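# Observations on the three-dimensional arrangement
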Amino acid sequence: MAADLHPALRPLAGLLGTWVGEGAGHYPTIDPFRYREQVTFGHVGKPFLVYGQRTTHPDTGQPMHAETGYLRAAGGQDGDAIALELVLAHPTGIVEVEEGHLRGRVAELRTTTVGLTATAKPVRSLRRRFVLADDELTYDLWMAHADTPETHHLRATLRRQHPGG
Ligand code: HEM
């Protein structure tokens with residue numbers, strides 16, 4: 001039986017489902033690239049969304065980046081802003097904790113903690129901005145890495161994948 005959506009998630013209900021689309025990335029130290037992406041937001045009746053992302057090369061279909069975690073509705077409200085917490089694990093040996101707010105259709109989060117394994121690249125910080133417009137989800141990601149200060153790395157636009165569509 002499907003669980004009822006936790007009341008704390010009502011402001012995030014528009015994210016539920018599977019999203020697919022294309023993105024582009026760049027950074028001062030690498031060649032620009034494009035990717036295909038699939039993102040899923042699910043729930044189990046508790047005050048967090050279950051988040052999964054995977055990307056593939058648009059020409060070869062080879063796996064590229066992936067990440068998985070939880071988007072927590074932290075329960076706090078500051079005026080019309082809703083507090084959010086994001087915890088993510090990356091297969092590149094990185095874990096991140098981000099905190100931020102949802103204001104209307106825009107969610108902005110930034111890392112309070114980045115954890116690195118011994119062989120992970122030295123990511124210093126990350127910042128993400130999501131904009132939800134009905135069936136279209138756009139996000140940007142900025143990263144500070146090694147000696148490069150916070151710089152734009154990713155932008156993608158995803159569309160809700162309707163069941164059977
Ligand atoms: C849609 C998701 C992402 C895609 C498709 C993607 C793709 C890429 C590609 C193709 C490169 C260049 C080749 C390479 O070094 O592997 C790269 C570099 C890099 N990415 Fe991403 N990336 C994504 C998300 C992320 C995230 C979330 C982080 C941090 C947690 C990250 C951190 C890095 C780092 C540290 C580099 C190396 C920069 C350097 O060596 O100077 N990327 N990314």
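Quick note: structure is the one above.
Moving on, we come to the site of the ligand. The full set close to the ligand counts 20 residues, and Thr 29, Phe 33, His 65, Met 143 and His 153 are the nearest of them. Residue Thr 29 places a side-chain N or O atom 2.5 Å away from an oxygen atom belonging to the ligand. Between an oxygen atom of the ligand and a side-chain N or O atom of Lys 121, the distance comes to 3.3 Å. Mapped onto the shell around the ligand, the elements with two or more residues apiece are strand S2 (30-43), strand S3 (48-56), strand S4 (63-78), strand S8 (123-133), strand S9 (136-145) and strand S10 (148-160). Sorting elements by how many residues they give to the shell around the ligand places S9 first, with four residues. For the shell around the ligand, the class distribution of residues is ten nonpolar, seven polar and three charged.

Tallied over the entire structure, the rule returns 13 salt bridges. Where Arg 34 meets Asp 59, a salt bridge forms, and the shortest distance between an N and an O atom there is 3.7 Å. Here Arg 34 is found in strand S2, whereas its partner Asp 59 is found in the loop between S3 and S4, with 25 residues between them in sequence. For Arg 34, a relative accessible area of 45% translates into the label partly exposed.

The rules behind the values
Residues numbered from 1 in each chain as written. Predicted model: local features only at pLDDT ≥ 70, side-chain atom pairs only at ≥ 80, totals over all residues. Heavy atoms only, no water. Near = heavy atom within 4 Å. Polar contact = N/O pair within 3.5 Å; in protein donor to acceptor, adjacent residues only side chain to side chain. Helix = DSSP H or I, 4+ residues; strand = E, 2+ residues; numbered from the N terminus. Nonpolar A, V, L, I, M, F, W, Y, C, P; charged D, E, K, R; others polar. Salt bridge = Lys/Arg side-chain N within 4 Å of Asp/Glu carboxyl O. Buried < 20%, exposed > 50% of the residue type's maximum accessible area, 1.4 Å probe, protein only.

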